[in-house]
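Observations on the model geometry
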Amino acid sequence: MSNHAKPLSIRDALYEQPGPRTRRRVAIGTAITAVLVIVGIGLIIRQFYITGQLAPRYWTFLAQPTTWRFLLQGFRGTISVALAAGVIALVLGAVLMLGRTSGIKPVAAVCRVVTDFFRGVPSLLLIYFFFLVVPQYGIRLSSFWMITLPVALAASGVLAEVLRAGVNAVPRGQVEAALSLGMRPGRIMMKIVLPQAIRFVIPSLISQLVVVVKDTTLAYVVSYPDLMQNARVLITNYDALVSMYFTVAVVYILVNFAINKLSALVAERLGVKIIR
Amino acid sequence: MEHVDETPVIELRHVDKHYGDLHVLRDINLKIARGEVLVVIGPSGSGKSTMCRTINRLETIDSGEVLIEGKPLPSEGRELAAMRAELGMVFQQFNLFAHKTILENVTMGPIEVLHMKREEAEARAMELLARVGVAEQANKLPAQLSGGQQQRVAIARSLAMNPKAMMFDEPTSALDPEMINEVLDVMVELARGGMTMVVVTHEMNFARRVSDRVVFMADGQIVEQGAPDEFFDHPKTKRAQDFLNSIKGH
Amino acid sequence: MGLSELLSTYGQDYLTALLTTWWMTTVTFAFVMVLSIAITVMRVSPLRPLRVVGDFYVQVFRNIPGVALLIIIVYALPNLRLVLDYTTCVIVTVILMGSAFGSENFMSGINTIGVGQIEAARSLGMTFGQIIWKIVIPQALRSAVLPMTNLLIAVMLSTSLGSQVPMSPDELTGIVSYINTRSTGGILAFLIAAIGYAGTAAVIAFIGNRLDKKVRILR
């Protein structure tokens, strides 16, 4: 099989090299569906047009530098929450994973329950916990922490599982070899297992950042000025709801798309799979 | 050749194929007579697998013709499927259907393609599985079998279609050494039974012992062909001599 | 508020909220499956325009934040003269996002099937339709069980977006917000809802794992 020009993806392997009849059918089908797609796009644009959403007054504010400066400010807020939450989640996730794989039964059980709890509860509920419940006990948090902590907790459960998958991917024989050298289990984890496990999961950790970024958009609940919240402010200023939300949505999509691409790229470089 | 007057089961006429700039098959002309066992050897990248795969159009060709019993190989659709049903193919990687049991792997073709009744197909499948020596594994899944067993099942799966000829694309190359013989034994048996076979392989002993004709390929061309003893003892071309020297001791 | 007081005052609301979350999850997931299949068919079709639209759909809806999509559907679509009630808006939002992930699950399910099996089926004389129905779909479905279990849980968690619009009745996150804005429900008010979610997720995961063990394909 050495002379296969390129490895086929299964998506292409489903189809054979077409014969003349198939080629004709595919050409006709392609033409028809292309027309349908173009008509569909046209209808959407038309809907925008006849409802007046393409009027310049809805879009000209995008040409003003102040708009983008304000959005950029919000984006900075998004980034700080995402990074802070990401770091906290990583630390907490590592602790949960270490606890669960510690071999100490009560610790493992508690870590398992905590992990499953944070994986099984919506971020919004955690946000309401920090926003509505925590203040009831006289604890005053800034809006930054009211969004960062719940996002971090929600992610920590997932990260604990990702890290555990990474640890499990390290060949068991290495642990046995280290044990036979007289290394203690804790040291083996730190010196041998974890460094390799982290290598396995780096792409997955990067792709989990998408989940964190998505969760940060809930910052408006606690009135923290992130990209989404600043967009809402702009909307009341410019009365340009559709165009503003579309713009912001596109920004988020592009950011997350970039993160996913980065993750895939790193995965390819390191030769590892992305665990979800 | 002995069967000159009969229509060859498989015939390749002036077959050419490129992968981009790479000319993988150059003007291949080959006739395989009924009951003939043809072994194709050559260095890796010589185009021997590709040639084997063009016979049932797993690889398309750029120009030339592939004829099965004198009729051109159809290029698509039910006609092509029907023609393929008459040719067996055994792959390097076995390619058993992972979600089906061994028995279901063997009955799949007869039931789906030949519309045979299930009981009939199963009875015949069990017969074939016994013949290749894996009848006890009938209800297991492919992943539970060794490579050698899987490859024997793959052979049984092809045989279940009552093929006019069988192609073997490096059938033992993915096997551990101790399993190679159990597969080769089945193939020897088939050859003795009169099956028309095209075998791409690195097993020189098999080639010498079982084949009627050896075809040596290099750089997409048929460089030399002849009866096994003649070819192995007195190769005429430099390329074939070099190749045979390079694999000696393996 | 103590547990008994909380439950006597809001017990019925919690129950309604839990049931609301459950039925929204069920309805949404059913549509997610149907749409996932449709999108996947488009993405593996030989017709380029369909592939492009399918890939584009997946990239958009797996990367858009749920609340951004919800806001667009709730507030922006009426400006384009498309008005849906709030519950429907939430369900549509989750369907759109869920189906993008669902299609990804199916695609990776298809990807676990080796090219070789397709070639083997072709060599037996099986037609394209037979290969799809007998070889590709059964294997893709089996290896999608576990990812789809996780997706079902994610769909349930995403219905919490309902708390961001005035829904009636409230779902499980909305009810916590509702209770805590009118009385001090404390940590218990939160925990009841959290256990509703985590408990449901645990049951779904348990069933999913059992099913997966039963149908998983050894390789």
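Description of the structure in this document.

Thresholds applied
Residues numbered from 1 in each chain as written. Chains lettered and ligands numbered in written order. Predicted model: local features only at pLDDT ≥ 70, side-chain atom pairs only at ≥ 80, totals over all residues. Heavy atoms only, no water. Salt bridge = Lys/Arg side-chain N within 4 Å of Asp/Glu carboxyl O. Helix = DSSP H or I, 4+ residues; strand = E, 2+ residues; numbered from the N terminus. Buried < 20%, exposed > 50% of the residue type's maximum accessible area, 1.4 Å probe, protein only. Phe/Tyr/Trp six-rings, centres within 6.5 Å; stacked < 30°, edge-to-face > 60°. Lys NZ or Arg CZ within 6 Å of the ring centre and 35° of its normal. Contact = heavy atoms within 4.5 Å.

Counted under the stated rule, the structure contains 33 salt bridges over all chains. Between K134 of chain C and E112 of chain B there is a salt bridge; the shortest N-O distance is 3.3 Å. With K134 of chain C in helix α6 (residues 128-143) and E112 of chain B in helix α3 (residues 102-112), this residue pair bridges two chains. Residue D229 of chain B pairs with R208 of chain B through a salt bridge whose shortest N-O separation is 3.6 Å. Residue D229 of chain B is found in helix α8 (residues 228-233), and its partner R208 of chain B is found in helix α7 (residues 204-210); the two are separated by 21 residues along the sequence. Take D229 of chain B: its relative accessible area is 45%, and that puts it in the partly exposed class. One network of salt bridges, with partners in common, ties together R100, R112, D116, R119, E161 and R164 of chain A.

All told, the structure shown has 13 aromatic pairs over all chains when counted by the stated rule. Look at F129 of chain A and F130 of chain A: their rings are 5.3 Å apart centre to centre, the planes differ by 90 degrees, and that puts the pair in the edge-to-face class. Both residues of the pair, F129 of chain A and F130 of chain A, count as buried. Both rings, one in F144 of chain A and one in W145 of chain A, keep their centres 5.0 Å apart while their planes meet at 80 degrees; by these two values the pair is edge-to-face. The partly exposed category is assigned to W145 of chain A, whose relative accessible area is 34%. Site record: aromatic cluster; members linked through ring pairs are F216, F231, F232 and F243 of chain B. When the ring centre of Y58 of chain A is taken as reference, the NZ or CZ atom of R57 of chain A above it lies at 4.2 Å.

Note the cis peptide between S168 of chain C and P169 of chain C, where omega equals 0 degrees. In this fold, P169 of chain C is placed in the loop between α7 (145-158) and α8 (172-182). Although it is not a glycine, E69 of chain B adopts a positive phi angle of roughly 50 degrees. Tracing the backbone shows E69 of chain B in the loop between β4 (63-68) and β5 (71-72). For E69 of chain B, a relative accessible area of 22% translates into the label partly exposed.

Residues and elements named next belong to chain A. Secondary-structure assignment places M189 in helix α9 (residues 185-216). The class of M189 is buried, set by a relative accessible area of 15%. Residues M189 and T101, spaced 88 residues apart in sequence, show a C-alpha to C-alpha distance of 9.8 Å. For M189, the residues in contact, after removing those within four places along its chain, are L98, T101, V167, L194 and P195.

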